Amino acid sequence: MKKFFALLLSLTMILALTACGGSKSEDTTPADSDTQEPASDFKVGFITLHDENSTYDLNFINAAKAACEKLGVEYTLITNVPEGQECYDKAAELADAGCNIIFADSFGHEDYMIQAAKEFPAVQFCHSTGTKAHTEGLDNYHNAFASIYEGRYLAGIAAGMKLNEMIDSGKITADQAKIGYVGAFTYAEVISGYTSFFLGARSVCPSASMEVTFTGSWYDETAEKEGANKLIADGCVLISQHADSMGAPTACETAGVPNVSYNGSTESVGPNTYIVSSRIDWEPYYEYAITAAMNGDPIDTDWTGTLATGSVVLTDLNANVAAEGTQEAIDAAKAELEDGTRQVFDVTTFTVDGQQVESYQADVDTDANYTPDTEVVENGAFQESKFRSAPYFDLRIDGITLLDEAYG
């Protein structure tokens, strides 16, 4: 069966390289001639949930190409791989085709990447957004994420500055400073994201509140647009999202409502409403992990990128929409996050059911029942990303109202 998959993959690669036009689900690319001398016997494989039409996956795809071209290694990219057995099948095909290290980019790929890692112990498998590497104990299976909650916090400051501008101009009153947020699923990753964004906004606009709706999908343009429209109809005067299409930004542009995006600029569809976007830059991780594999060095079991590593970034502000002084406010907060004088989840800045959180057991060592197992409040803050790379912040703080919930 493995030989069959290898022959099938080889044929697919040939067709991909000789075909003209159309979209590709699989892309095999040699090193660029202007980059480092190629490592002719080293190959890298990438598996993504969607393709370039998803801002989330495009972020990974761009980083993969940049890292491989910089390092001079051949890579194969397979897109539109569902979060199911097909992920294992594609990982096995890549391993049989000679890939030395294989990456996957979506939470639901994890169990299938672990399955492949166990079958191919000589190949390194790296999975972004997963939670199990530190408990699986496999030398060739690794998780990675970044402190994107810091980037979302900074983007939230841009949102709060815009709310203040709307209040000062008389467009809204202080108690109308309501943010709408289009989420995918009611998971810790999404909760951590919208909470850090809200705390950033409220750090400069104390009257801000938030409503969240969930689509039940990482990528559904229709549902995301409908979610944004629902929030706007309910009085939300600024929209952000943890969703991967242009649905919400398009709805904002149509309605004339300011928008803060995620994973990349959406100014192309929202020139009059888009403010800024936070995103993870995966190139530093890809470069680190590929280089380690090439040299035979160990790869971190749980790697966390930061502002300092260049893994957490903001796009350029849309000066036509952002409030005056926004860049200065972001720069000041970023400096404090980097030197440790400001913490995103400072427990003095929020309450849960009217009470300050002084202790909290989070589900870090994930099991089937999601049992809380680790004390995560230290030094006056909920310490996200300290005990594993993937988010585990799941507190429901005051000021944020969930209109619905969605679980996969």
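Residues numbered from 1 in each chain as written. Predicted model: local features only at pLDDT ≥ 70, side-chain atom pairs only at ≥ 80, totals over all residues. Heavy atoms only, no water.

Asks: Lay out the nonpolar core in plain terms, naming residues and giving numbers.
Replies: Ranked by internal contacts, the top residues of the largest apolar core, which has 92 residues, are Tyr286 and Ile290. Element by element, the count of residues in this core is highest for helix H6 (residues 148–168), at eleven residues. Sequence-distant contacts of Ile290, defined by excluding residues within four places in its chain, comprise Phe42, Val44, Phe46, Cys68, Leu71, Val73, Ile101 and Phe103. Ranked by size, the runner-up nonpolar core spans 21 residues in total, among them Tyr88, Ala95, Ile114 and Ala133. (Core = buried A, V, L, I, M, F, W, Y, C linked by side-chain atoms within 4.5 Å. Buried < 20%, exposed > 50% of the residue type's maximum accessible area, 1.4 Å probe, protein only. Helix = DSSP H or I, 4+ residues; strand = E, 2+ residues; numbered from the N terminus. Contact = heavy atoms within 4.5 Å.)

Asks: Any details on the side chain of Ser385? Residues and values, ideally.
Replies: Along the chain, Ser385 falls in the loop between strand E17 (381–382) and strand E18 (400–402). Not counting residues within four places of it along the chain, the set of residues in contact with Ser385 comprises Ala146, Ser147, Tyr149, Thr304 and Tyr392.

Asks: I'd like to hear about helix H3 (residues 85–96), residue by residue, with values.
Replies: Along its twelve residues, H3 runs 17 Å from first to last C-alpha, staying within 8% of the 16 Å computed at 1.5 Å per residue. Of all the positions in H3, only Cys87, Tyr88, Lys90, Ala91, Ala92, Glu93, Leu94 and Ala95 are classed as buried. (Expected span 1.5 Å × (residues − 1).)

Asks: So, the pattern of salt bridges: which residues are in play, and what are the values?
Replies: Within the structure shown, the criterion is met by twelve salt bridges. With its nearest N and O atoms 3.7 Å apart, the salt bridge here joins Asp234 to Lys178. Taken together, the positions of Asp234 in the loop between helix H8 (221–233) and strand E9 (238–241) and Lys178 in strand E7 (residues 178–183) put the pair 56 residues apart, joining distant regions of the chain. Residue class for Lys178 comes out buried when judged on its relative accessible area of 17%. Residue Lys386 pairs with Glu378 through a salt bridge whose shortest N-O separation is 2.5 Å. Here Glu378 falls in the partly exposed class, since its relative accessible area comes to 25%. Put simply, Lys178, Glu211 and Asp234 are held in one network by salt bridges that share partners. (Salt bridge = Lys/Arg side-chain N within 4 Å of Asp/Glu carboxyl O.)

Asks: Tell me what's going on with the packing of H6 against helix H11 (residues 326–339), and back it up with residues and numbers.
Replies: Interhelical geometry of H6 versus H11 gives an angle of 150° and a closest axis separation of 9 Å. In terms of orientation, H6 lies roughly antiparallel with respect to H11. Classified by chirality, the crossing of H11 by H6 is right-handed. Between H6 and H11, the contacting residues are Glu150, Tyr153, Leu154, Ile157, Ala158 and Met161 on the first element and Thr326, Ala329, Ile330, Ala333, Lys334 and Leu337 on the second. (Axes fitted to C-alpha atoms, helices over the stretch in contact; angles between N-to-C directions. Parallel < 35°, antiparallel > 145°, perpendicular 65-115°, else oblique. Left-handed = near helix turned anticlockwise from the far one by under 90°.)

Asks: I'd like a description of the sheet that holds E9, backed by residues and values.
Replies: What the seven strands build is an open sheet, ordered E13-E11-E10-E9-E7-E8-E18; its pairing is mixed. The two strands at the open ends of the sheet, each matched to only one other strand, are strand E13 (312–314) and E18. Recorded for the sheet is a direction-independent mean angle of 20° between the axes of neighbouring strands. With four bridges connecting them, E7 and E9 associate as parallel partners. Looking at the pairing, Val182 lines up with Gln241 of E9. (Pairing = 2+ DSSP bridges.)

Asks: Can you break down the confidence of the model for the chain residue by residue, with the values?
Replies: Parts of the prediction with low pLDDT should not have their coordinates interpreted in detail. Averaged over all residues, the pLDDT of the chain is 92; the fraction at 70 or higher stands at 90%. Residue range residues 1–24 is modelled with pLDDT below 50. Its contacts to residues more than four positions away, or to other chains, number 18 contacts. Here residues 31–38 is modelled with pLDDT under 50, and outside its nearest four sequence neighbours on either side it reaches 14 contacts, counting other chains as well. (pLDDT = per-residue confidence, 0-100.)

Asks: Now, about the packing of aromatic side chains: what can you tell me, with residues and values included?
Replies: Inspection of every chain in the model, using the stated rule, returns 29 aromatic pairs. Seen from their ring centres, Phe46 and Tyr286 are 5.1 Å apart, and the 65° between their planes marks the pair as edge-to-face. With Phe46 in strand E2 (residues 43–47) and Tyr286 in helix H10 (residues 283–295), this pair connects stretches of sequence that are 240 residues apart. When its relative accessible area of 2% is taken as the criterion, Tyr286 is described as buried. Each ring, one from Tyr360 and one from Phe382, has its centre 6.0 Å from the other, and the planes form 40°; the classification is tilted. Of this pair, Tyr360 sits in the loop between H11 and strand E14 (361–362) while Phe382 is found in strand E17, placing the two residues 22 residues apart along the sequence. Classification of Tyr360 as partly exposed rests on a relative accessible area of 22%. Overall, Phe382 belongs to the buried group, its relative accessible area being 3%. An aromatic cluster is built from Phe46, Tyr56, Phe60, Tyr75, Phe103, Phe145, Trp282, Tyr285, Tyr286, Tyr288 and Trp303, whose rings are joined through pairwise contacts. The ring of Tyr262 has Arg152 lying over it, and the distance from NZ or CZ to the ring centre is 3.5 Å. (Phe/Tyr/Trp six-rings, centres within 6.5 Å; stacked < 30°, edge-to-face > 60°. Lys NZ or Arg CZ within 6 Å of the ring centre and 35° of its normal.)

Asks: Could you give an account of the environment of Val352, with specific residues and numbers?
Replies: Position of Val352 among the secondary structure elements: in the loop between H11 and E14. Leave out the neighbours within four places in its chain, and Val352 touches Val357, Leu395, Arg396, Ile397 and Asp398.

Asks: Tell me about the environment of Lys70, and please be specific about residues and values.
Replies: For Lys70, the location among the structural elements is in helix H2 (residues 55–71). Taking the C-alpha atoms as reference points, Lys70 and Glu283, separated by 213 residues in sequence, lie 9.9 Å from one another. At a separation of 3.2 Å, a polar atom in the side chain of Lys70 contacts the side chain of Glu287. (Polar contact = N/O pair within 3.5 Å; in protein donor to acceptor, adjacent residues only side chain to side chain.)

Asks: Got a sec to walk through H10? Specific residues and values, please.
Replies: Helix length check: H10 (13 residues) gives 18 Å between terminal C-alpha atoms against 18 Å at 1.5 Å per residue, within 8%. Residues of H10 that are buried in the fold lie against E2, H2, strand E4 (101–104), strand E5 (124–128), strand E6 (141–146) and strand E12 (302–305). Of the residues flanking the end of H10, it is Gly296, one or two places downstream, whose phi is positive at about 75°.

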